[in-house]
Amino acid sequence: MGGLPGTDPFRRAGAYTVWLSRTRVGGIGRQRVCDAGPVTAALDAVRAVLIDLDGVLYVEDQVIDGARETVSALRESGLGLRFVTNTTARSHAQTVAKLDRLGFAVAPDELLTPARLAVRYCEQRGHRSALLVMNEEVKEDFAELMEDEGGQADAVIVGDLGDAFGYDVLNRAFRAVMAGAELIALQKNRYWMRADGLSLDVGPFVAALEFATHRDAVVVGKPARSFFELALADLDVEARAAAMLGDDIETDIGGAIAAGLAGILVRTGKYDRDDAASSGVEPTATIDSIAEVPALLARSGALE
Ligand SMILES: [Mg+2]
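Residues numbered from 1 in each chain as written. Predicted model: local features only at pLDDT ≥ 70, side-chain atom pairs only at ≥ 80, totals over all residues.

Enquirer: Which residues make up the overall build of the protein chain, and what values go with them?
Expert: On a plain count of helices and strands, the protein chain comes out with 10 helices and 15 strands. For the protein chain, with 304 residues in total, the buried portion stands at 45%. Residue pairs at least 24 apart in sequence account for 68% of intrachain contacts in the protein chain once pairs closer than 6 positions are excluded. (Helix = DSSP H or I, 4+ residues; strand = E, 2+ residues; numbered from the N terminus. Buried ≥ 20, exposed ≤ 12 C-beta atoms within 10 Å, placed from the backbone. Contact = placed C-beta atoms within 7 Å.)

Enquirer: Would you mind going over the pairing of strand β6 (residues 129–133) in detail, with residue names and values included?
Expert: The side chains of a regular strand alternate, residue by residue, between the two faces of the sheet. Burial within β6 is extensive, with 4 of its 5 residues counted as buried. Of the pairings in the sheet, the one linking β6 to strand β7 (residues 146–147) comprises 2 bridges and is parallel in character. Counted as the bridge partner of A130 is E147 from β7. Bridge analysis of β6 against strand β8 (residues 155–158) gives 4 bridges, and the strand direction is parallel. (Pairing = 2+ DSSP bridges.)

Enquirer: Explain the sheet that holds strand β12 (residues 218–219) residue by residue, including any values.
Expert: Strands sit in the order β7-β6-β8-β9-β12 across an open sheet of 5 strands; the sheet is parallel. Two strands in the sheet have a free side with no partner beyond their single neighbour: β7 and β12. Relative to strand β9 (residues 182–185), β8 runs parallel, the two sharing 4 bridges. Bridge pairing in β9 places V158 opposite A185. Each of β6, β8, β9 and β12 is contacted by helix α4 (residues 114–125), which is oriented at about 160 degrees to β9, the strand it contacts most. (Axes fitted to C-alpha atoms, helices over the stretch in contact; angles between N-to-C directions.)

Enquirer: I'd love a proper account of helix α8 (residues 249–258), names of residues and values included.
Expert: α8 sits mainly inside the fold: 8 of its 10 residues count as buried. For α8, every residue scored as buried is listed here: I249, T251, D252, I253, G254, G255, A256 and I257. On the buried face of α8, the contacting elements are α7 (225–235), β13 (242–246), β14 (262–266) and α9 (273–278). Positive backbone phi, at 95 degrees, marks G260, one or two positions downstream of α8.

Enquirer: Describe the sheet that holds strand β15 (residues 285–287), and please don't skip the residues or the numbers.
Expert: As summarised here, the arrangement of the 6 strands in space is β5-β4-β1-β13-β14-β15, forming an open sheet in which the pairing is parallel. Each edge of the open sheet is held by one strand with a lone partner, namely β5 (111–112) and β15. With respect to the sheet, α7 is in contact with β1 (48–51), β4 (80–84), β5 and β13, its orientation differing from that of β4 by roughly 150 degrees.

Enquirer: Go over the pairing of strand β11 (residues 197–200) with me, naming the residues and quoting the values.
Expert: Bridge count for strand β10 (residues 191–194) against β11 is 4 bridges, and the pairing is antiparallel. Its bridge partner lying in β11, Y191 is registered against L200. In this antiparallel pair of consecutive strands, β10 and β11, the connection spans 2 residues.

Enquirer: Let's hear about the confidence of the model for the protein chain: which residues, and what values?
Expert: When pLDDT is averaged across the protein chain, the result is 87; 86% of the residues are at 70 or more. pLDDT under 50 marks residues 1–37. Its contacts with residues more than four places away, or in other chains, come to 49 contacts. (pLDDT = per-residue confidence, 0-100.)

Enquirer: Tell me about unusual backbone geometry, residues and numbers included.
Expert: In the segment running from K222 into P223, the intervening peptide bond is cis, with an omega of 10 degrees. Turning to its location among the elements, P223 is positioned in the loop between β12 and α7. Positive phi, close to 50 degrees, is recorded for E60, a residue that is not glycine. Relative to the helices and strands, E60 is located in the loop between β2 (58–59) and β3 (62–63). Accessibility expressed as a C-beta count within 10 Å gives 14 for E60, which makes it partly exposed.

Right, dumping it as C-alpha cells:
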C-alpha cells in the first residue's frame, strides 16, 4: 500500500533515522541527520501527545503496524494522550466505536473532533440554526443547533459528504451563504488516503463555496489554533510540553508548530515526500511510522 513504511528509499532496515527538513533548504536535497540533538532538544519537555487517527493509527480498516503497541506504551508511560481528528465522515460516537473495533481503547473524552469546536463557535456567535452539509449520522454531534434546510440558516457548516458531494448540495450551501449565513468548515484538508488511493477531502468543496461567495470559511478543525488549544486545555499542559503526531504536513504539523507544539511527521497514510518538502513546514522530527515514537521520545528523555 502506498505510503506505508518501507516505501522510502532512504529507509534503512533496523536503523533509527530522523530527518530534519531544514537540511533541504537551498535545494540540495535532504541529508541524513545522524546526530538527533536538535530534535531531542525540542522533544525533551513533552508530557503529552496528540495523535491523529487516519494515516497514523490506521488507513481505513487496516491498522498501521505497531500502532496499538505504541498507544499502549505511551499510556503506560504516563504521558497525556488526546486523539485529534479532522475526520468528519463519522460522528464522535462512531469514531470511538471504530477505534474500539480496531483495538484502540479510547475514552470518549479523549477524542476531539471539529464538531465540538463548531458548536462552541456557533454559541459564541449567537448562531441558532445551521444548514448541516455532512453525513446524516454526524448530525447528532450538532444537536444544540436547529437544522435549517432553507435560506434562513445562521450558519452553513460543511463536513464530509463523500460521494454525496454534488451540485445540488453545494448550490444549497452557496445560496444560504449568499443569503447571509456564515460559512463554517469543520476542516479544510485537501485530500486523504483511502484504501483505494488518495481521495478528495472536504477542503476542495469548501474552496468551491469560498470562490463562489467571495467569503472565507471559518475553519474549526486542524490547523486552527483553537483546536490545538482545546486539546492542551483538556490535558492541562502548555504547548511546549506537547507533541502532535500526524501524517498531514499542513494541518497536523504546520498547525501544531504554529500553535507552539512539537510536530512529528509520520511517513504513513497520506505522507508524500515532495509535499512535505515543498510545504515550507519543518517538522520537529520525521519518522517512518508511529511505531518509532517510543524510541524517539526515549532518546529525548521524555519517556523513561
Ligand atoms: Mg491523518
